[in-house]
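Commentary on secondary and tertiary structure
Listed below are the residues making up each chain.
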Amino acid sequence: FMTVTAYGADDGLMTGIREKIEDLEALFSVTREDSEIYALNNTGHTGLSDDTLTLMTRALEICRLTGGALDISVYPVVRAWGFTTGEYRVPEQTEIDALLADVGYESIELDGNEARLSEGMMVDLGSIAKGYTGDVLAAMLKDGGVSSALMDLGGNIQTVGMRPDGEKWRVGVQDPFGDSYVGVLSIADKAAVTSGGYERYFIADDGTRYCHIIDPATGRPAQSGIASVTVTAESGTYCDGLSTSLFIMGVDDALDYWRAHSDEFDAILMDENGTVYVTDGIADRCSLLEDRKMQVVH
């Protein structure tokens, strides 16, 4: 579900917001046969609209920044595990290896508004599309005179300004081990996006649990020791792509990445032992429940 609450917006602006969400879905969907991504995957080349080109360009930037922890060309592997179809299965290693031969964002070519893929390659922008949508909608709302808004785009939180009462928005951080919250993060005019293996997963016949976040290096569901990652920054696009990337990296590499880019984002990480790591840029805006201990990262 997507919910947009904009204080002071008129019906025309909100209708435009809904239509923009539907338009972007029509462009980015990997399964709709009339989408640009579907055309690209099934022909190997296609012209892109400005929105799809912007999203593709930004996605490739994050792929490069994270050293391939995010790789938008891993889609055939994700599909082989059944996460796009709901027909879950554990592929044989030989099948995974064959699919990984065609994975590699470096082979995606952009020339003007034209995109081209290597033979056998397919892409999926789902790991970053909701974040981009949040950025687009926030700009539309601001252009429409809205100075206070909250968007929940399928779990991606995007805020415009402060709450109407002048206080920051309070965003609950889900507990990956239960139905409650780990704590609350206060933000204003920023996005907050969480990635974790606790919402989309399946359990194989042997009892093994497999999450939907695929590590492009192995072609298998990520086993990084992280239970969830919440990223907050001005750009929802960056938050969306980065939360997936940090989840795949694991705690140590994720925190090293933050230290190298601490002026761009902040994060809350929880490992599989329940330890909560909070980067110092948001330590004063993050309150955990009493039974949780915060480890501030500098």
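Predicted, not measured: the structure shown is a model, and the values here were computed from it.

1. A short note on the side chain of Thr 46
Counting through the fold element by element, Thr 46 comes out in strand 2 (residues 45–47). Aside from chain neighbours lying at most four places away, what touches Thr 46 is Glu 36, Ala 39, Leu 40, Asn 113, Glu 114 and Ala 115.

2. What to know about the layout of surface pockets
A volume near 350 Å³ is recorded for the second largest pocket. Lining the second largest pocket are 18 residues, with Gly 197, Arg 209, Cys 211, Ala 222 and Glu 272 sitting closest to its centre. Elements with a contribution of two residues or more to the lining of the second largest pocket: strand 11 (209–211), strand 13 (220–221) and strand 14 (226–233). In terms of residues, the lining of the second largest pocket owes the most to one element, strand 11, which gives 3 residues.

3. Some details on the sheet that holds strand 4 (residues 114–116)
Here 3 strands make up an open sheet; going across it, the order is 2-4-3 and the pairing antiparallel. A single partner strand is all that each edge strand has here, and the edge strands are strand 2 and strand 3 (109–111). Adjacent strand axes in the sheet meet at a mean angle of 15 degrees, parallel and antiparallel pairs treated alike. As judged from the 3 bridges shared by strand 2 and strand 4, these two strands associate in the antiparallel manner. Across the sheet, the residue bridging to Thr 46 is Ala 115, located in strand 4. Each of strand 2 and strand 4 touches helix 2 (residues 36–43); the most contacted strand, strand 2, lies at about 150 degrees to it.

4. Some points on the pattern of salt bridges
In total, this model carries 9 salt bridges according to the counting rule given. Among the salt bridges present, the one from Asp 34 reaches Arg 32, with a minimum N-O distance of 3.1 Å. A salt bridge links Arg 58 to Glu 61; the nearest nitrogen and oxygen atoms lie 2.7 Å apart. Taken together, the positions of Arg 58 and Glu 61, both in helix 3 (residues 50–65) and 3 residues apart, correspond to about one turn of that helix.

5. Some remarks on the state of the cysteines
Summed over all chains, the structure comprises 0 disulfides. Free cysteine: Cys 63, not disulfide-bonded; nearest cysteine sulfur from Cys 239 at 16 Å.

6. Quick word on empty space enclosed by the protein
Going through the model one piece at a time under the given rule, you end up with 2 cavities of 30 Å³ or more. In this structure, the largest cavity occupies an estimated 40 Å³ of space. Val 173, Gln 174, Val 182, Ser 228, Thr 230, Ile 268, Leu 269, Met 270 and Val 276 together form the lining of the largest cavity. For the lining of the largest cavity, the secondary-structure elements that each account for two or more residues are strand 7 (169–174), strand 14 and strand 15 (266–271). When residues in the lining of the largest cavity are grouped by element, the largest group, 3 residues, is from strand 15. A breakdown of the residues in the lining of the largest cavity according to their chemical character gives 6 nonpolar, 3 polar and no charged.

Criteria and cut-off values
- Residues numbered from 1 in each chain as written.
- Predicted model: local features only at pLDDT ≥ 70, side-chain atom pairs only at ≥ 80, totals over all residues.
- Heavy atoms only, no water.
- Helix = DSSP H or I, 4+ residues; strand = E, 2+ residues; numbered from the N terminus.
- Contact = heavy atoms within 4.5 Å.
- 1 Å grid on protein atoms, 1.4 Å probe; cavity = no way out; pocket = protein on both sides within 12 Å on 5 of 7 lines; lining within 4 Å.
- Points joined across faces, edges and corners; volume = space filled by probe spheres on them.
- Pairing = 2+ DSSP bridges.
- Axes fitted to C-alpha atoms, helices over the stretch in contact; angles between N-to-C directions.
- Salt bridge = Lys/Arg side-chain N within 4 Å of Asp/Glu carboxyl O.
- Disulfide = S-S within 2.5 Å.
- Nonpolar A, V, L, I, M, F, W, Y, C, P; charged D, E, K, R; others polar.

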